[in-house]
Amino acid sequence: MTVPETTATTATTIATTTAAVGEASGAEALRPHAEDAFADELKALAAADDRPRPARWRLSPWAVATYLQGGTLPDGTVITPKYVGPRRLIEVAVTTLATDRALLLLGVPGTAKTWVSEHLAAAVSGDSTLLVQGTAGTPEEAVRYGWNYAQLLAHGPSRDALVPSPLMRAMADGMTARVEELTRIPADVQDSLITILSEKTLPIPELGQEVQAVRGFNVIATANDRDRGVNELSSALRRRFNTVVLPLPATPDAEVDIVSRRVDQIGRSLDLPAAPEGLAEIRRVVTVFRELRDGVTTDGRTKLKAPSGTLSTAEAISVVTNGLALAAHFGDGILRPGDVAAGILGAVVRDPAADRVVWQEYLETVVRERDGWKDFYRACREVSV
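All figures in this text were calculated on a predicted structure; none of them were measured in a lab.

Let us now look at the overall build of the protein. Looking only at helices and strands, the protein has 17 helices and 11 strands in total. Compactness check: the protein gives a C-alpha radius of gyration of 24 Å against a globular reference of 21 Å for 385 residues, within 12% of the reference. With respect to the principal axes defined by its C-alpha atoms, the protein has extents near 70 × 50 × 40 Å. Across the 385 residues of the protein, 46% fall into the buried class. Taking as baseline every contact in the protein between residues at least 6 positions apart, the subset at least 24 positions apart corresponds to 71%.

On to the packing of helix α12 (residues 252–269) against helix α14 (residues 313–330), then. Where α12 contacts α14, the two axes come as close as 9 Å, and the packing angle between them is 50 degrees. Judged on the interaxial angle alone, α14 and α12 are oblique. When the axes of α12 and α14 are compared, the crossing they make is right-handed. Of the residues in α14, those touching α12 at E255, I258, V259, R262, V263 and I266 are T313, A316, I317, V320, T321 and L324.

So, about the sheet that holds strand β11 (residues 241–245). The pairing of strands in a sheet happens through backbone hydrogen bonds and is either parallel or antiparallel. Spatially, the 5 strands line up as an open sheet ordered β4-β7-β10-β3-β11, and their pairing is parallel. What marks the edges here is a single partner per strand, and that holds for β4 (131–133) and β11. Taking each pair of neighbouring strands and ignoring which way they run, the sheet shows an average axis angle of 20 degrees. Running at roughly 170 degrees to strand β7 (residues 176–180), helix α6 (residues 113–125) makes contact with β3 (102–107), β7 and β10 (218–224) of the sheet.

Turning to helix α4 (residues 61–69), a few remarks are in order. Note on helix geometry: an α-helix contains 3.6 residues per turn, so any two residues three or four positions apart are oriented the same way. Burial within α4 is extensive, with 7 of its 9 residues counted as buried. Looking only at α4, the buried set comprises A63, V64, A65, T66, Y67, L68 and Q69. Looking at the buried side of α4, the elements it contacts are α2 (34–37), α3 (39–48), β1 (71–72), β2 (78–79), α5 (87–97) and α6. In the segment just after α4, G70 is the residue with positive phi, at about 90 degrees.

For the structure on display, the rule yields 4 aromatic pairs. Aromatic side chains Y145 and W147 sit 5.8 Å apart centroid to centroid with 90 degrees between the ring planes, which places their arrangement in the edge-to-face category. Of the two residues examined, Y145 and W147, each falls in the buried class. Directly above the aromatic system of F38 lies the positively charged group of K82, at a separation of 4.9 Å from the ring centroid. The residue whose ring lies beneath K82 is Y67, and the NZ or CZ to ring-centre distance is 4.1 Å.

A few words on helix α8 (residues 166–173). In terms of burial, α8 is largely enclosed, as 6 of its 8 residues are buried. The first or second residue beyond α8 is G174, which carries a positive phi of 70 degrees.

Below, the discussion takes up the pattern of salt bridges. Taken as a whole, this structure holds 21 salt bridges when the rule is applied. R88 serves as the salt-bridge partner of E91, at 2.8 Å between the closest nitrogen and oxygen. With a gap of 3 residues between them, E91 and R88 both fall in helix α5, about one helical turn apart. Among the salt bridges present, the one from R283 reaches D253, with a minimum N-O distance of 3.0 Å.

On to the environment of E141. With respect to the secondary-structure elements, E141 resides in the loop between β4 and β5 (145–147). On the basis of relative accessibility, which here comes to 41%, the residue E141 falls in the partly exposed class. Sequence separation between E141 and L89 is 52 residues; the distance between their C-alpha atoms is 32 Å. Those residues in contact with E141 that sit more than four places away from it in its chain are G146 and S165.

The next thing to look at is the side chain of T66. In this structure, T66 sits in helix α4. By relative accessible area, T66 is classed as buried at 6%. Beyond its immediate sequence surroundings of up to four residues, T66 is in contact with L45, G71, I79 and R87.

Each value, and the rule that gives it
- Residues numbered from 1 in each chain as written.
- Predicted model: local features only at pLDDT ≥ 70, side-chain atom pairs only at ≥ 80, totals over all residues.
- Heavy atoms only, no water.
- Helix = DSSP H or I, 4+ residues; strand = E, 2+ residues; numbered from the N terminus.
- Rg over C-alpha atoms; globule rule 2.2 N^0.38 Å.
- Buried < 20%, exposed > 50% of the residue type's maximum accessible area, 1.4 Å probe, protein only.
- Contact = heavy atoms within 4.5 Å.
- Axes fitted to C-alpha atoms, helices over the stretch in contact; angles between N-to-C directions.
- Parallel < 35°, antiparallel > 145°, perpendicular 65-115°, else oblique.
- Left-handed = near helix turned anticlockwise from the far one by under 90°.
- Pairing = 2+ DSSP bridges.
- Phe/Tyr/Trp six-rings, centres within 6.5 Å; stacked < 30°, edge-to-face > 60°.
- Lys NZ or Arg CZ within 6 Å of the ring centre and 35° of its normal.
- Salt bridge = Lys/Arg side-chain N within 4 Å of Asp/Glu carboxyl O.

See below:
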């Protein structure tokens, strides 16, 4: 697709301005894009990567999987894990992107679908920002294209007046586009993807033209298990995806590792204390979440009522991060039970009537009787009154 001169000039101006802002304040970004936050690792992988790369990929499939799962390169460079879980799932996801099939990451809330999607796009295309955020109000223009109405009214339909969607840009440049929360998007808008994914083309009937995808183009979509029945994917659209289900962490140790790593990354950007100083509290938060989520204590002896919330790993990360902020600004910098108690209460008690009963029963029958948890019990009782 040839970019019109007017559009190209505007894009260049925006890019130049963005680059200037990035150079001045990139170090201050609260949440850098994956390709920026892990630029050194991606550069080291590219230098060490001597395996075949699909068209327009920055790395080989092996290197992309290594970037996600972590490892040590021959020169000693350590690649930190971005996803802690079965390697085979990541290998299947990466292999799918190397074919003409789109990838659907499916799972319950908090299983790192968005995180994996972002890092896959960063490793494959070097750009994770070609994103369509799915909501109940996502319009068809967000998937296909829109119009600059000032240009449209002044000169009629033309390439100058056309505003490409992230998907259209990805098609034209052979990049990876992302669609978040696909099942939140209305069904008629979802179906706009069918031609793009099956024919690899995007018709522009107003101009009698089309945009054909070039090699390297693909789509990563995410969907939430809890959204089944909201805007269920049609069978026609579902057939265009290979689905990879991301599970919850298999073991408490794996979940503690995930929470610790992510909290440490977030904490560094917020100048918070290092998470390892509060490892005991992180393990306690994870234990509470897993027991209430599974409906049984870790030793299997006591069955529990499950609250209405998901109590996901992502929520555990949020509770611990907030606790570290409390410890840093109103404590001695060390994560303690009183710093996480309120966050846990907020995560568990979503329905004030039903969930409060579940939480009180768990406190009195499990937490109160557990060795070494007296301080945690007292802290939770204080915020639960």
